[in-house]
Amino acid sequence: MTNPVVAIVGRPNVGKSTLFNRIAGQRISIVEDTPGVTRDRIYAHGEWLGKNFNLIDTGGIEMSDQPLLTQIRQQAEIAIDEADVIVLVVDTESGVTDADEQVARILYRSNKPVVLAVNKVDNPERRSDIYDFYSLGLGEPYPVSSVHGVGLGDLLDAVIHNFPENAANETDDSIRFSLIGRPNVGKSSLVNAILGENRVIVSNVAGTTRDAINTRFKATDGQEFTMIDTAGIRKQGKIYENTERYALMRAMRAIDDSNVVLVVLNAEEGIREIDKHIAGYAHEAGCGVIIVVNKWDTIENRDHRTMTDFTNLIRHEFQYLSYAPIIFVSAKTKQRLNKLPEMIEEVNAHHERRIKSSVLNNVIMDAIAANPTPTQNGKRLRIFYATQVATAPPTFVVFVNDPELMHFSYERYLENQIRQAFDFSGTPLHLIKRQRQ
């Protein structure tokens with residue numbers, strides 16, 4: 001099911017981005033002493049005590065009528081609307097400010113669980129200053145130092161304590177797939193054509209779909225599917241418009257909640273840079289991927305080479321999706337749409353496929369015999385054995401004498417050998433190098 005969402009909010013320059021980076025475990029948000037550096041919502045995955053969640057960093061909330069500050073505040077309010085738990089960050093250096101009280105009033109109206117993080121408690125003497133923040137009426141303040149990581153455990157304990165419990169208990173045996181793409185590639189038309197009914201609004205105006213819409217249906221073979229139509233994803237500079245203010249976040253959550261993602265392209269308009277950016281979301285999430293070229297009926301003067309040329313173009317532009325099957329369809333004429341459910345089933349099966357360790361190691365040993373392991377500075381890479389540790393996506397751990405000796409090219413070679421031995425079309429593979437103890 002969908003991971004809980006945690007939003008980090010607060011006025012400018014209280015250390016939200018530093019705390020975000022600390023929880024995410026990597027430097028993602030720009031950190032600078034200048035207020036207002038973070039403008040867009042920034043997303044990452046977090047984990048604490050086995051609980052996975054999505055993390056949102058936001059720009060500092062200021063009550064101002066200046067256009068940019070209004071946009072920043074709007075983005076923060078979107079994050080609050082989408083969040084399951086909100087972390088309000090304040091700091092001991094400034095104490096309780098009018099801006100803190102204004103942000104607290106916004107949070108009162110959200111009716112969401114709020115965890116109060118008092119940042120910049122870098123020494124024991126400052127701990128006594130946290131009690132002033134009880135006046136915000138948000139419960140117990142948690143002293144933290146986002147720079148040094150002090151108090152982070154107690155803060156995250158409080159965060160995961162407020163996660164919703166019902167989602168983890170729900171069972172869903174259907175194959176969940178989502179359709180993603182830029183506006184006006186025909187996602188909603190595809191949904192209606194697959195279902196044979198007008199389930200979602202279809203318009204020639206780009207950006208008609210604002211929400212991620214779930215629809216459950218059964219294929220002719222009895223397999224149940226849950227289809228998720230998402231709003232078109234635009235370039236970041238345009239996500240402030242009111243008509244699409246939830247688009248990116250809900251599309252990201254739909255991807256996170258999907259077994260398979262259909263990356264929809266517009267054959268009439270060709271491939272654009274934003275298409276590659278959007279497809280990267282599905283690849284990075286580790287979902288099964290199918291590239292769907294819609295509006296194929298609009299291509300004039302087609303011959304036996306037209307589809308081959310377009311396929312070659314896709315393979316060139318989406319090299320990181322070399323594993324993804326491609327299908328050319330038309331929502332208008334329903335051309336090849338009957339093949340989609342079967343393709344989704346196959347990709348989902350590959351995504352959840354598990355290989356026995358003995359069979360896997362036979363493939364690895366054969367690969368080494370055909371192409372011996374490389375040497376570096378007179379030291380040869382030795383591969384002892386491999387095992388699959390997870391599915392969705394299939395994840396393999398390769399135990400070696402020294403992970404630094406396995407060059408990226410040899411790692412890719414092993415992945416290709418695994419793909420040749422087993423059908424993993426439509427799903428990414430993850431190879432993890434570990435030194436044998």
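Going by the structure above, here's the rest.
Residues numbered from 1 in each chain as written. Predicted model: local features only at pLDDT ≥ 70, side-chain atom pairs only at ≥ 80, totals over all residues. Heavy atoms only, no water.

Visitor: Please give an account of the packing of helix α1 (residues 16–24) against helix α4 (residues 152–161) that cites residues and values.
Guide: α4 packs onto α1 with a crossing angle of 85° between their chain directions and a minimal axis gap of 12 Å. As the angle between them shows, α1 and α4 are arranged roughly perpendicular. Contact residues: Leu19, Arg22 and Ile23 in α1; Leu152, Leu155 and Leu156 in α4. Class assignment for the residues of the contact of α1 with α4 results in five nonpolar, no polar and one charged. (Axes fitted to C-alpha atoms, helices over the stretch in contact; angles between N-to-C directions. Helix = DSSP H or I, 4+ residues; strand = E, 2+ residues; numbered from the N terminus. Parallel < 35°, antiparallel > 145°, perpendicular 65-115°, else oblique. Contact = heavy atoms within 4.5 Å. Nonpolar A, V, L, I, M, F, W, Y, C, P; charged D, E, K, R; others polar.)

Visitor: Can you tell me about the pattern of salt bridges, naming the residues and giving the values?
Guide: In the structure shown here, the tally under the stated rule is 16 salt bridges. One salt bridge in this structure joins Glu93 and Arg126, with 3.6 Å as the shortest N-O distance. Here Arg126 lies in the loop between β5 (114–119) and β6 (141–143) and Glu93 lies in the loop between β4 (85–91) and α3 (98–110), a separation of 33 residues in the sequence. The class for Glu93 is exposed, based on a relative accessible area of 53%. Taking the shortest distance from any N to any O, the salt bridge between Lys276 and Glu317 comes out at 2.8 Å. Of this pair, Lys276 sits in helix α8 (residues 273–285) while Glu317 sits in helix α9 (residues 306–317), placing them 41 residues apart in sequence. Through salt bridges with shared partners, a single network forms among Glu93, Lys120, Asp122 and Arg126. (Salt bridge = Lys/Arg side-chain N within 4 Å of Asp/Glu carboxyl O. Buried < 20%, exposed > 50% of the residue type's maximum accessible area, 1.4 Å probe, protein only.)

Visitor: Before we move on, can you summarise the sheet that holds strand β16 (residues 395–400) with the specific residues and values?
Guide: Spatially, β15-β16-β17 is the arrangement adopted by the three strands of the open sheet, whose pairing is mixed. Where the open sheet ends on each side, the last strands, each with one partner, are β15 (383–390) and β17 (430–435). When the angles between neighbouring strand axes are averaged without regard to direction, this sheet yields 25°. Of the strand pairs in this sheet, β15 and β16 are connected by six bridges, and their pairing is antiparallel. Along β16, the bridge assignment pairs Thr387 with Val397. Across the sheet, helix α11 (residues 357–370) lies against β15 and β16, angled at about 140° from β15, the strand it touches most. (Pairing = 2+ DSSP bridges.)

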